[in-house]
Amino acid sequence: MNKDELIALAGQMSIDEYVYDEEWGYSTSEGPPSDLAYETARRFQDIQMLPVLMDLLEQTKRLEMKQYFYFMLGTIGMNTGDVRVADFLLERLAQETKPTLIVSILDEPAKQERVHDATDIIQYVEDSRSAIRNSAIDALGSCRGALAEEALIRFITTSTDSFEIMSANFVLATIGTERVIPHLLPLLDHPKGDVRHSALNAISELGDDSFLPMFIKGLEDRSVDVKAYALLGIAKHGDASSIQPVVKRLKTMLKRKRQIQSDDGLVALRFLNRYRQSDKTIPVLFDWIITKRWDVLFDEERQWLNKYRTSH
């Protein structure tokens, strides 16, 4: 696309209302122009657009248009893996002062395969504006190295915002190393379940089977989400010592029909299935579930048990 076409597309991205078709006498069913324009932009992968977009960002004064151009820039980087895009975005980050545009730029590095220098992003992790902090935390998910890790460790040990600590924990689970773990352990006693389950997830990703007792203990937590991540930790690091706690959790889940769909039951079934040859109580449990608890199962659980039943 040339410069004029990109400007026209950015204009369409701002049109939220449905288009009225005079010939047919009703609004189009394809969705508002903004949906179609975003769909077009999400397919961008022509790196020759990069200098054109950079020129447009230099020339454009309208805040909204800049936001669309940053989105296009980030999409090209996501679709092509071109490392220059992250550099362009960070270069622009140093120039923008409006909070909305800072957020728009920070939202794009999170889509990139890799951001090599986290320095310009880190300064916004401690920003006084929550929208900027949240976008900066997410942006660090594409960064690697000690600087990004240290910034997030500082954040989870000083912040009082449980949602933001949760976000930082999930980023650390992706980019962190085992040296993060001592800073995660105190968060397992945090009053908010969001913080506890995200810390448990990060420990599962960064730790080893020595943390298995924590995952087993997590099955007794009052938060359903903590229980879910405890099961995932056991699936990853567990051994035969986890069988009975997982059996207990599965039976509790199947006491009644569950209102919210989740994979917890499948995770438990698959874990127990590893030990069905060595622990004879497991086939008995599966038969009990098939004969007595079939009506409370989700479709995926029934499908799994049907495969189990036909293969034995």
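Above this text you will find the structure in question.
All values reported here derive from a predicted model rather than from experimental measurement.

Cut-offs applied
Residues numbered from 1 in each chain as written. Predicted model: local features only at pLDDT ≥ 70, side-chain atom pairs only at ≥ 80, totals over all residues. Heavy atoms only, no water. Axes fitted to C-alpha atoms, helices over the stretch in contact; angles between N-to-C directions. Helix = DSSP H or I, 4+ residues; strand = E, 2+ residues; numbered from the N terminus. Left-handed = near helix turned anticlockwise from the far one by under 90°. Contact = heavy atoms within 4.5 Å. 1 Å grid on protein atoms, 1.4 Å probe; cavity = no way out; pocket = protein on both sides within 12 Å on 5 of 7 lines; lining within 4 Å. Points joined across faces, edges and corners; volume = space filled by probe spheres on them. Expected span 1.5 Å × (residues − 1). Buried < 20%, exposed > 50% of the residue type's maximum accessible area, 1.4 Å probe, protein only. Polar contact = N/O pair within 3.5 Å; in protein donor to acceptor, adjacent residues only side chain to side chain. Salt bridge = Lys/Arg side-chain N within 4 Å of Asp/Glu carboxyl O. Phe/Tyr/Trp six-rings, centres within 6.5 Å; stacked < 30°, edge-to-face > 60°. Lys NZ or Arg CZ within 6 Å of the ring centre and 35° of its normal.

Draft legend 1. The packing of helix H16 (residues 264-273) against helix H17 (residues 281-292), seen in detail. In the contact formed by H16 and H17, the axes pass within 10 Å of each other and the chain directions differ by 145°. Note on packing geometry: the crossing formed by H16 with H17 is left-handed. On H17, the residues touching Leu269, Leu272 and Asn273 of H16 are Ile282, Leu285, Phe286 and Ile289.

Draft legend 2. How the structure looks around the layout of surface pockets. Considered as a void within the structure, the largest pocket measures approximately 370 Å³ in volume. In terms of lining, the largest pocket is formed by 14 residues, of which the most central are Val224, Arg249, Met253, Arg258 and Ile260. Sorting the residues of the lining of the largest pocket by element identifies helix H14 (224-237) and helix H15 (243-253) as the ones contributing at least two each. One number sums up the size of the second largest pocket: a volume of about 240 Å³. Surrounding the second largest pocket, Leu188, Asp189, His190, Arg196, Leu200, Met214, Lys217, Gly218, Glu220, Asp221, Arg222 and Val226 form its lining.

Draft legend 3. Region of the structure containing H14. Taking 1.5 Å as the rise per residue, H14 with 14 residues should run 20 Å; its terminal C-alpha atoms sit 20 Å apart, in good agreement. Val226, Lys227, Ala228, Ala230, Leu231, Gly233, Ile234 and His237 are the residues of H14 that are buried. Those residues of H14 hidden inside the fold are in contact with helix H12 (193-206), helix H13 (212-218), H15 and H16. By the N-cap criterion, in which a side-chain oxygen at the helix start approaches the backbone nitrogen of a residue two or three places on, H14 is capped by Ser223, the distance to Asp225 being 3.2 Å.

Draft legend 4. Spatial organisation of the pattern of salt bridges. Applying the stated criterion to the full structure yields 16 salt bridges. For the salt bridge of Arg302 with Asp299, the shortest nitrogen-to-oxygen distance reads 3.5 Å. Of the two residues, Arg302 and Asp299 are both situated in helix H18 (residues 299-310); the distance of three residues between them amounts to about one turn of the helix. Bridged by salt links that share partners, the residues Glu58, Lys66, Arg92 and Glu96 form one connected network.

Draft legend 5. Fine view of the packing of aromatic side chains. This model, assessed by the stated rule, comprises seven aromatic pairs. Arranged with centres 5.0 Å apart and planes meeting at 80°, the rings of Tyr38 and Phe71 form a pair that is edge-to-face. Here Tyr38 is found in helix H2 (residues 33-41), whereas its partner Phe71 is found in helix H4 (residues 63-80), with 33 residues between them in sequence. The class for Phe71 is buried, based on a relative accessible area of 13%. Measuring from ring centre to ring centre gives 4.9 Å for Phe286 and Tyr308, while their planes differ by 90°; the resulting arrangement is edge-to-face. Taken together, the residues span a long stretch of sequence, with Phe286 in helix H17 and Tyr308 in helix H18 at a distance of 22 residues. Aromatic ring contacts, followed pair by pair, group Tyr38, Tyr68 and Phe71 into a single cluster. Geometry around Phe298 places Arg258 over its ring, the cationic atom sitting 4.1 Å from the centre. The residue whose ring lies beneath Arg309 is Trp294, and the NZ or CZ to ring-centre distance is 5.3 Å.

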